[in-house]
Amino acid sequence: MSRIAYVDGFYRRLSEPHIYVEDRGYQFSDGIYEVCLVVDGQYWDEAGHMARLRRSLEGLDIPFQMSSASLKIIMREVLRRNRLRDALVYMQISRGVAPRDHPFPDKPTLPVMVMTVKPYSLAANDALAQKGIKIVTMPDIRWGRVDIKSISLLPNALAKQEAKSKKAYEAWLLKENKITEGSSSNAWIINASGSLVTRPLSNEILGGITRESVLKAVTSLGLKVEERAFTYEEALEAKEAFITSASSLVMPVTHIDDQQIGDGQAGPQTLKLRDAYKQVARPS
Ligand code: PDD
């Protein structure tokens, strides 16, 4: 993590204390967040991330007034103060500060925005993509509105910890023996007949912005897409598998629960799709 953050109107050192004890984000997870990638000072999939930020705010009825132009100015300033041109930008908006009580405060609070940046290396991510990643699976124990990008991430953090303890990169979550998504990514397979399969949008997955762009990129490669839930067994029998997210782009999966997928190497179609995705997401 870098040294300077934007916290509710001020640029502050991360080492300084600045948490409001009664911030509803802190006490109730009553807030939303967004993560977007900046490479060489350029924002990838920017419009999609901004649009989802608004959808998440609406989903929780948080009256955040700041324009996207102002948000972008702050983003640029946080990057500048941390001397970064390649980074993951994290922005979080909570409902605000109010005496602790479950319902929303009668007198509307001012939402509290926090922004941090973390150095990112596209070259390192590209190198990882050549090797591919291992994933593990576990039950999806999250709430019923994971389409809202809320900061309530304890089940996701527990799943990622479990993956880490098994030396895997990501955890795929299972509901009724079907994969919903990863703990911080969307899940995809390419089956024996060459179709790309990924779960359709619903309350049960986060609508990934990378997922959206990959669906656009797919048309340029002439691949067939099936937006439907797929089973654990289908995943194990897949020709290729991969995850998508702002930080991992399109990342090949070589093993699921220690079982080899395809020939156990990063899938060639997946790597092509990764290139095609870059064309779509990178601003021209
Ligand atoms: N995670 N599903 C979940 C549960 C996620 O947390 C994410 C993103 C995605 C992919 O969304 P996108 O393609 O818009 O990044 C899917 C971010 C990166 C995070 O939590 O850090």
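Preceding block: the structure.
What counts and what doesn't
- Residues numbered from 1 in each chain as written.
- Predicted model: local features only at pLDDT ≥ 70, side-chain atom pairs only at ≥ 80, totals over all residues.
- Heavy atoms only, no water.
- Helix = DSSP H or I, 4+ residues; strand = E, 2+ residues; numbered from the N terminus.
- Buried < 20%, exposed > 50% of the residue type's maximum accessible area, 1.4 Å probe, protein only.
- Near = heavy atom within 4 Å.
- Polar contact = N/O pair within 3.5 Å; in protein donor to acceptor, adjacent residues only side chain to side chain.
- Areas by Shrake-Rupley, 256 points an atom, 1.4 Å probe, with all protein chains shown as cover.
- Domains from an automatic or database assignment.
- Pairing = 2+ DSSP bridges.
- Right-handed = clockwise from strand over helix to strand, strands pointing away.
- Phe/Tyr/Trp six-rings, centres within 6.5 Å; stacked < 30°, edge-to-face > 60°.
- Lys NZ or Arg CZ within 6 Å of the ring centre and 35° of its normal.
- Contact = heavy atoms within 4.5 Å.
- Axes fitted to C-alpha atoms, helices over the stretch in contact; angles between N-to-C directions.

**Q** How should I be thinking about unusual backbone geometry in this particular structure?
**A** Residues apart from glycine generally show negative phi values, whereas peptide bonds are mostly found in trans. The backbone of serine 29 sits at a positive phi, close to 55 degrees, despite the residue not being glycine. Relative to the elements of secondary structure, serine 29 occurs in the loop between helix H1 (24-28) and strand S3 (31-39). Classification of serine 29 as partly exposed rests on a relative accessible area of 29%. Positive phi, close to 70 degrees, is recorded for aspartate 258, a residue that is not glycine.

**Q** Help me understand the site of the ligand in this model?
**A** Close contacts around the ligand come from 20 residues, with Tyr33, Arg52, Glu181, Ile209 and Thr210 the closest. The side chain of lysine 149 places a nitrogen or oxygen atom 3.4 Å from a nitrogen atom of the ligand. Glutamate 181 places a polar side-chain atom, nitrogen or oxygen, 2.7 Å from a nitrogen atom of the ligand. Burial of the ligand by the protein amounts to 90% of the accessible area it has alone, namely 470 Å². Broken down by secondary-structure element, the contributors of at least two residues to the shell around the ligand are S3, helix H2 (46-60), strand S9 (178-182), helix H6 (209-221) and strand S13 (240-245). Both domains that furnish three or more residues to the shell around the ligand are identified here as domain 1 (4-120) and domain 2 (125-281).

**Q** Can you help me understand the pairing of strand S7 (residues 133-139) in this one?
**A** Regular strands show a simple pattern: their side chains alternate between the two faces of the sheet. Across the seven residues that make up S7, a large majority, five, are buried. In the sheet, S7 pairs with strand S14 (residues 249-256) via three bridges, with the strands oriented parallel. Residue pairing in the sheet places isoleucine 135 in a bridge with isoleucine 256 of S14. For S7 and strand S8 (residues 170-175), the ladder comprises five bridges, and the chain directions are parallel. Opposite valine 136, over in S8, you have alanine 171 as the bridge partner. The parallel pair S7 and S8, bridged by helix H5 (residues 154-165), forms a crossover whose chirality is right-handed.

**Q** Help me out: how do you make sense of the pairing of strand S6 (residues 112-119) in this one?
**A** Note: strand S1 (residues 4-7) against S6, two bridges, orientation antiparallel. Of the residues in S6, the one forming a bridge with tyrosine 6 is methionine 115. As defined by bridge partners, strand S5 (residues 87-94) adjoins S6 across eight bridges and the pair is classed as antiparallel. The residue bridging glutamine 92 from the neighbouring strand is valine 114, located in S6.

**Q** What is the right way to read the packing of aromatic side chains from this model?
**A** In this description, a pair of aromatic rings is defined by centroid distance and the angle of the planes. Under the criterion given, the structure shown has five aromatic pairs. One Lys or Arg, arginine 95, reaches over the ring of phenylalanine 104 and ends 3.4 Å from the middle of that ring.

**Q** Would you mind showing me how to read the environment of serine 121 here?
**A** Along the polypeptide, serine 121 turns up in the loop between S6 and helix H4 (122-131). Taking relative accessible area as the criterion, serine 121 reaches 37% and is therefore assigned partly exposed. For serine 121, the side chain forms a polar contact with the main-chain nitrogen of alanine 124, separated by 2.9 Å.

**Q** So what exactly am I meant to see when it comes to the sheet that holds S1 here?
**A** Neighbouring strands of a sheet are bound in pairs by backbone hydrogen bonds; such pairs are parallel or else antiparallel. Read from one edge to the other, the open sheet built from six strands follows the order S2-S1-S6-S5-S3-S4, with strand pairing classed as antiparallel. The open sheet terminates on both sides in strands that have one partner only, identified here as strand S2 (10-13) and strand S4 (42-43). Across eight bridges, S3 lies against S5 in antiparallel orientation. Paired with valine 38 across the strands is alanine 87, a residue of S5. Sheet strands touched by helix H3 (residues 68-81): S1, S2, S3, S4, S5 and S6. Its angle to S6, the strand with the most contacts, is close to 45 degrees.

Any functional reading would require information beyond the geometric quantities listed.
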